[in-house]
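Structural characterization, general
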Amino acid sequence: MEISRRFNLLLLSMFCCGCLYAQTQQQAVHIKVKPCLFKGKWQLVQTFSLGALHQVKKDEYDGVICFRSFHRYYEEVNYESNHWIIEGKWRVNRKKATLELTERNYILGKLEDHPKDIIFDIIQSDKKSWTGGNTDRGHAVKVFYSRIPKH
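Residues numbered from 1 in each chain as written. Predicted model: local features only at pLDDT ≥ 70, side-chain atom pairs only at ≥ 80, totals over all residues. Heavy atoms only, no water.

1. Examining the nonpolar core
Most often, soluble globular proteins have nonpolar side chains that are buried together. Formed by 22 residues in total, the largest nonpolar core has its most connected members in Phe38, Phe67, Trp90, Leu99, Leu101 and Trp130. Broken down by secondary-structure element, the contributors of at least two residues to this core are β1 (40-49), β3 (61-67), β4 (72-79), β5 (82-93), β6 (98-108), β7 (118-125) and β9 (139-147). Ranked by the residues each element gives to this core, the list is headed by β5, at four residues. Once you skip the residues sitting within four places of it in the chain, leucine 99 turns out to touch Phe38, Phe67, Trp90, Arg91, Val92, Ile118, Ile119, Phe120, Ile122 and Trp130. (Core = buried A, V, L, I, M, F, W, Y, C linked by side-chain atoms within 4.5 Å. Buried < 20%, exposed > 50% of the residue type's maximum accessible area, 1.4 Å probe, protein only. Helix = DSSP H or I, 4+ residues; strand = E, 2+ residues; numbered from the N terminus. Contact = heavy atoms within 4.5 Å.)

2. Considering a positive patch on the surface
Positive charge collects at one region of the surface, where Lys32, Lys34, Arg94 and Lys127 lie side by side. Along the polypeptide, arginine 94 turns up in the loop between β5 and β6. (Patch = residues over 30% accessible without salt bridge, like charges linked within 9 Å, V, L, I, M, F, W, Y side chains within 5 Å. Areas by Shrake-Rupley, 256 points an atom, 1.4 Å probe, with all protein chains shown as cover. Salt bridge = Lys/Arg side-chain N within 4 Å of Asp/Glu carboxyl O. Lys, Arg positive; Asp, Glu negative; His and termini not counted. Charge placed at Lys NZ, Arg CZ, Asp CG, Glu CD.)

3. Remarks on the packing of aromatic side chains
The final tally for this structure, using the stated rule, is eight aromatic pairs. A centroid spacing of 5.7 Å and a plane angle of 70 degrees characterise the contact between phenylalanine 120 and tryptophan 130, whose relative ring orientation is edge-to-face. One end of the pair, phenylalanine 120, is in strand β7; the other, tryptophan 130, is in strand β8 (residues 129-136), with ten residues separating them in the sequence. Across the pair, exposure class does not vary: phenylalanine 120 and tryptophan 130 are buried alike. It is lysine 142 that lies over the ring of phenylalanine 48; its NZ or CZ is 5.8 Å from the centre. (Phe/Tyr/Trp six-rings, centres within 6.5 Å; stacked < 30°, edge-to-face > 60°. Lys NZ or Arg CZ within 6 Å of the ring centre and 35° of its normal.)

4. Examining the pattern of salt bridges
Considering all chains together, one arrives at two salt bridges under this definition. Taking the shortest distance from any N to any O, the salt bridge between glutamate 75 and arginine 104 comes out at 3.2 Å. Taken together, the residues glutamate 75 in strand β4 and arginine 104 in strand β6 connect sequence positions 29 residues apart. Overall, the relative accessible area of 13% leaves glutamate 75 in the buried class. Residue arginine 91 is joined to glutamate 100 by a salt bridge in which the shortest nitrogen-to-oxygen separation is 3.2 Å. On the basis of relative accessible area, arginine 91 is assigned to the partly exposed category, the value being 43%.

5. Some details on the pairing of β9
As judged from the seven bridges shared by β1 and β9, these two strands associate in the antiparallel manner. Within β9, the position partnered with leucine 44 by the bridge is tyrosine 145. With eight bridges joining them, β8 and β9 adopt antiparallel strand pairing. Residue glycine 133 lies in a different strand from β9, and its bridge partner there is lysine 142. Adjacent in sequence and paired antiparallel, β8 and β9 are bridged by two residues, among which arginine 137 carries a positive phi angle near 55 degrees. (Pairing = 2+ DSSP bridges.)

Written out as structure tokens, the structure is:
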């Protein structure tokens, strides 16, 4: 009698631990992404690549992205002596917590025939900043954007 009681208690404790473990795993992965938070202008402020965090100096690389209504966006970049603007569509996949930049086309300063689509895994997002991760040419890259306040 005592052995079966202990066995049942052991099974119950294992079941509870398994449920708690599964719940913490779901909470760690799940992030709420609200598409309305992305609307507006954003400035690239930091990147993380090749194992190091890099501050983006505006005089060296000025990257601004503007998410507009009807899921349209444009991206304007000044880098060294180059200046280009890309327009396309943006979409937030709430289930996968991703930001997708698709149907991208050069409007100014064509650098290649057609820029590829970009899918960022959203790591953090709020009203003032967002962070996204991507794999570019086999290397993990994180980008950190900060909202440009309206004047």
